[in-house]
Amino acid sequence: MNLTNLHLNNDWIEFLQDELESDSFKLILKKVDLERKRFVIFPKNELVFYAFNKTPLSKVKVVILGQDPYHGKNQAHGLSFSVPNGIKNPPSLRNIFKELNSDLKIPISENGDLTSWARQGVLLLNATLTVREKEAGSHQKMGWENFTNAVISKLSTEKEGVVFLLWGAFAQKKADLIDSEKHYIIETSHPSPFSAYRGFLGCKHFSKTNEILTKNNQKPIDWNLCSDSLSLF
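Residues numbered from 1 in each chain as written. Predicted model: local features only at pLDDT ≥ 70, side-chain atom pairs only at ≥ 80, totals over all residues. Heavy atoms only, no water.

Student: Would you mind showing me how to read the overall build of the protein chain here?
Tutor: Helix and strand content of the protein chain: nine helices and six strands. The C-alpha radius of gyration computed for the protein chain amounts to 17 Å, which stays within 12% of the reference 17 Å derived for 233 residues, consistent with globular compactness. Of the accessible surface of the protein chain, which amounts to about 11,000 Å², a share of 48% is contributed by carbon and sulfur atoms. Computed over 29 positive and 26 negative side-chain charges, the separation of the two mean positions in the protein chain equals 6 Å. (Helix = DSSP H or I, 4+ residues; strand = E, 2+ residues; numbered from the N terminus. Rg over C-alpha atoms; globule rule 2.2 N^0.38 Å. Areas by Shrake-Rupley, 256 points an atom, 1.4 Å probe, with all protein chains shown as cover. Lys, Arg positive; Asp, Glu negative; His and termini not counted. Charge placed at Lys NZ, Arg CZ, Asp CG, Glu CD.)

Put into structure tokens, the structure is as follows:
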């Protein structure tokens, strides 16, 4: 992967130009290229920036932060917490759907593809954008977090009224990058089975997000995936 084949939309390229042209970012790409020659790396090259490409910069109104991509075969496709339709929903995603059902009475979806959320303005951003197969967290020291921290900081600076959903201690550390006077920060535990019962289940973050958007004269998110029978990439 290099700057000429980033598979990144022009609006984000312009917005992140300084970061994309930095030596540190070019080093990340070089490291990932080397990793792909030695290991199976997820997601595939053209999906690394899928979250950005499915949520145009002008549409960003909600950010859901994940840690790193799923490391199982066919799971990661560039959106935090999401899997392509037809792939078994991982435990954290199942708990997300449980909370949606409890909060908004939305039927629990067998389709785990969250692309329809992304298209409505939900930036589903992982802090680390690549991972080795079967090695969770294997690219966390690759430099990706410096890049995604810069994304969060720039969104905080340049936009207003974005709802940041910070689930778990890892995501909550990013709160320092966000101007809480300009944006909305909503926190709870991670939807993982290890922590979901410590606050995530019952948090009502989906209805709270829509209340904020409606109050700010923005269209609320249609969180219902059950009509999404086709994979959208």
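Student: Teacher, can you tell me more about the environment of Met142 here?
Tutor: Its place among the elements puts Met142 in the loop between β4 (131-132) and α7 (144-158). Residue classification places Met142 among the buried residues on the basis of a relative accessible area of 11%. Along the sequence, Met142 and Ile28 sit 114 residues apart, while their C-alpha atoms lie 6.1 Å from each other. Contact partners of Met142, with chain neighbours within four places excluded, come to Ile28, Lys31, Val32 and Glu35. (Buried < 20%, exposed > 50% of the residue type's maximum accessible area, 1.4 Å probe, protein only. Contact = heavy atoms within 4.5 Å.)

Student: For this particular structure, what's the right way to read the pairing of strand β5 (residues 163-167)?
Tutor: Along a regular strand, successive side chains alternate from one face of the sheet to the other. With five of five residues buried, β5 is to be regarded as a mostly interior element. Bridge count for strand β2 (residues 62-66) against β5 is three bridges, and the pairing is parallel. The residue bridging Val63 from the neighbouring strand is Phe164, located in β5. As judged from the five bridges shared by β5 and strand β6 (residues 184-188), these two strands associate in the parallel manner. (Pairing = 2+ DSSP bridges.)

Student: Explanation requested: the packing of aromatic side chains in the structure shown.
Tutor: Geometry of an aromatic ring pair is reported as the spacing of the ring centres plus the angle between the planes. Counting across every chain of the model gives 16 aromatic pairs. Summarising the aromatic geometry, the rings of Trp144 and Phe147 are spaced 6.1 Å apart at their centres and angled 65° between planes, so their arrangement reads as edge-to-face. Of this pair, Trp144 and Phe147 both sit in helix α7, three residues apart, roughly one helical turn. The exposure classification of Trp144 matches that of Phe147, with both residues buried. Ring pairs connect the aromatic residues Trp12, Phe15, Phe25, Phe49, Phe52, Trp144 and Phe147, which therefore count as one cluster. Looking at Arg132, its charged tip hangs above the ring of Phe39, at a distance of 3.7 Å from the centre. (Phe/Tyr/Trp six-rings, centres within 6.5 Å; stacked < 30°, edge-to-face > 60°. Lys NZ or Arg CZ within 6 Å of the ring centre and 35° of its normal.)

Student: I keep staring at the pattern of salt bridges and nothing clicks. Help me out?
Tutor: Opposite charge on two side chains makes pairing possible when the charged atoms of those side chains draw close. Counting across every chain of the model gives five salt bridges. Its salt-bridge partner being Glu135, residue Arg132 comes within 3.4 Å of it at the nearest N-O pair. Accessibility expressed as a relative area gives 19% for Arg132, which makes it buried. Here Lys174 makes a salt bridge to Glu145, at a shortest N to O gap of 3.6 Å. One end of the pair, Lys174, is in the loop between α8 (168-172) and β6; the other, Glu145, is in helix α7, and 29 residues separate them in sequence. (Salt bridge = Lys/Arg side-chain N within 4 Å of Asp/Glu carboxyl O.)

Student: What is the right way to look at the sheet that holds β6 in this model?
Tutor: In a beta sheet, neighbouring strands pair by backbone hydrogen bonds and run either parallel or antiparallel. The strand order across the open sheet formed by four strands is β3-β2-β5-β6, and the pairing between neighbours is parallel. Pairing within the sheet leaves two strands with one partner each, and these edge strands are β3 (122-126) and β6. Pairwise comparison of adjacent strand axes, ignoring direction, gives a mean angle of 20° for this sheet. Sheet strands in contact with α7 are β2, β3 and β5, and its direction is about 150° off that of β3. (Axes fitted to C-alpha atoms, helices over the stretch in contact; angles between N-to-C directions.)

Student: Explanation requested: helix α5 (residues 91-104) in the structure shown.
Tutor: Within an α-helix, residues lying three or four positions from one another point in the same direction, as the helix has 3.6 residues per turn. In this model α5 runs 20 Å from its N-terminal to its C-terminal C-alpha over 14 residues, within 8% of the 20 Å that 1.5 Å per residue would give. Of the residues making up α5, those classed as buried are Ser92, Leu93, Asn95, Ile96, Phe97, Glu99, Leu100 and Asp103. Where the residues of α5 are buried, they touch α6 (115-119), β5 and α9 (205-215). Taken from the residues just after α5, Lys105 is the one with a positive phi, measuring 60°. (Expected span 1.5 Å × (residues − 1).)

Student: Whenever I open this one, helix α3 (residues 23-38) confuses me. Can you help?
Tutor: Between its first and last C-alpha atoms α3 spans 23 Å; for 16 residues at 1.5 Å apiece the expected length is 22 Å, and the two agree. Within α3, burial applies to Phe25, Ile28, Leu29, Val32 and Glu35. Angular distribution of buried residues about the axis of α3 spans 125°; they occupy a single face of the element. Set apart from the buried face of α3 by more than 90 degrees, the exposed residues are Asp23, Lys30, Lys37 and Arg38. Residues of α3 that are buried sit in contact with α2 (17-20), β1 (41-42), β4 and α7. (Arc of directions from axis to C-beta.)

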